[in-house]
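One letter stands for each residue in the lines below.
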Amino acid sequence: TNRHWTDPNPILHPVVHSLKAYLRTLCSETSVRLFLDLHGHALKPGAFFYGCGASDIQQALLPRIASLGTRDICFPSSRFKFAKAHSKTARAE
């Protein structure tokens with residue numbers, strides 16, 4: 001369902017649709033400074049972060065600090081650039 005972030009169908013993707021509606025409401029009331037898309041990956045063990053573009057070093061700050069606090073998070077496995085195929089995911093918006 002992550003690939004349907006841009007235009008989620010309320011019937012087929014109710015969680016994504018509801019989350020986007022909630023975030024729109026939240027953004028109208030306050031400033032959202034952080035959005036985490038937490039999930040597992042079939043081919044990558046351990047914890048890591050995906051970001052949206054490495055042009056802003058702030059996006060790597062939380063993953064780096066988190067990796068310093070535990071061996072469970074692998075900063076080198078984190079990625080901050082994404083392929084065009086991911087352009088409709090939550091991390092790209």
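Residues numbered from 1 in each chain as written. Predicted model: local features only at pLDDT ≥ 70, side-chain atom pairs only at ≥ 80, totals over all residues. Heavy atoms only, no water.

1. Focus: a nonpolar patch on the surface
Right, on to step 1. Residues Leu19, Tyr22, Val32 and Phe35 make up a contiguous nonpolar surface patch of roughly 340 Å² in combined accessible area.
Right, on to step 2. Positionally, Leu19 belongs in helix 1 (residues 14–29).
Right, on to step 3. When its relative accessible area of 33% is taken as the criterion, Leu19 is described as partly exposed. (Patch = residues over 30% accessible without salt bridge, like charges linked within 9 Å, V, L, I, M, F, W, Y side chains within 5 Å. Areas by Shrake-Rupley, 256 points an atom, 1.4 Å probe, with all protein chains shown as cover. Salt bridge = Lys/Arg side-chain N within 4 Å of Asp/Glu carboxyl O. Helix = DSSP H or I, 4+ residues; strand = E, 2+ residues; numbered from the N terminus. Buried < 20%, exposed > 50% of the residue type's maximum accessible area, 1.4 Å probe, protein only.)

2. A look at the environment of Ser18
Right, on to step 1. Inspection of the secondary structure puts Ser18 in helix 1.
Right, on to step 2. Linking Ser18 and Pro8, residues ten residues apart in sequence, is a C-alpha distance of 9.2 Å.

3. Observations concerning the packing of aromatic side chains
Right, on to step 1. For the structure shown, the criterion picks out zero aromatic pairs.
Right, on to step 2. In this arrangement the basic side chain of Arg64 is found over the ring face of Phe75, its NZ or CZ atom lying 5.4 Å from the centre. (Phe/Tyr/Trp six-rings, centres within 6.5 Å; stacked < 30°, edge-to-face > 60°. Lys NZ or Arg CZ within 6 Å of the ring centre and 35° of its normal.)

4. What about the environment of Pro63?
Right, on to step 1. Locating Pro63 in the fold gives a position in helix 2 (residues 58–69).
Right, on to step 2. The exposure class assigned to Pro63 is buried, which follows from its relative accessible area of 3%.
Right, on to step 3. When the C-alpha positions of Pro63 and Phe75 are compared, they lie 6.4 Å apart, and in sequence the two are twelve residues distant.
Right, on to step 4. Discounting chain neighbours no more than four positions away, the residues touching Pro63 are Phe49, Ile73, Phe75 and Phe80. (Contact = heavy atoms within 4.5 Å.)

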